[in-house]
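# Overview (structure and organization)
Below are the chains, spelled out letter by letter.
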Amino acid sequence: MQQQQPNQSQSQPPVFQETPQVLTGKDFNYLKDMLSWNLLGFKKAHFAASQCQDQQIVVALEKACMMHERHYQRILQHLEQNVNQMNQ
């Protein structure tokens with residue numbers, strides 16, 4: 001049995017040399033999810049640390065908490081920088 005070859009004459013999507021300065025609905029939803037995941041990770045790590053009595057575990061959970069907070073802040077900073085650049 002012979003496999004069919006894709007038709008070469010079908011139009012291909014354009015190849016961008018630079019990232020387009022547009023935020024699609026899918027992009028927005030993904031960014032919203034990333035912020036939500038980091039906020040949830042922050043809250044869960046903080047809560048778990050407050051329930052622990054083993055100091056080593058508390059320290060590890062607080063590190064995780066700070067990591068999620070850093071990621072959350074970094075995403076926000078990146079978004080703010082890009083919004084400021086687009087408004088100039």
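Data block above holds the structure.
Below or above, wherever it landed, is the structure these notes cover. What you see is a predicted model; the values in this text were computed from it and never measured.

### A word on the overall build of the protein
A count of helical and extended segments in the protein gives 2 helices and 0 strands. Sorting the 88 residues of the protein into buried and exposed places 11% on the buried side. By element, 54% of the accessible surface of the protein is carried by carbon and sulfur atoms, the whole surface being about 8300 Å².

### Side note on the environment of Ala 64
As for its placement among the helices and strands, Ala 64 is situated in helix α2 (residues 55-87). A relative accessible area of 27% places Ala 64 in the partly exposed class.

### Quick look at the side chain of Asn 38
Here Asn 38 lies in helix α1 (residues 25-51). A polar contact is formed between the side chain of Asn 38 and the backbone oxygen of Met 34, at a distance of 3.0 Å. Ignoring anything within four residues of it in the chain, the contact list for Asn 38 reads His 68, His 71, Tyr 72 and Ile 75.

Definitions and limits used
- Residues numbered from 1 in each chain as written.
- Predicted model: local features only at pLDDT ≥ 70, side-chain atom pairs only at ≥ 80, totals over all residues.
- Heavy atoms only, no water.
- Helix = DSSP H or I, 4+ residues; strand = E, 2+ residues; numbered from the N terminus.
- Buried < 20%, exposed > 50% of the residue type's maximum accessible area, 1.4 Å probe, protein only.
- Areas by Shrake-Rupley, 256 points an atom, 1.4 Å probe, with all protein chains shown as cover.
- Polar contact = N/O pair within 3.5 Å; in protein donor to acceptor, adjacent residues only side chain to side chain.
- Contact = heavy atoms within 4.5 Å.

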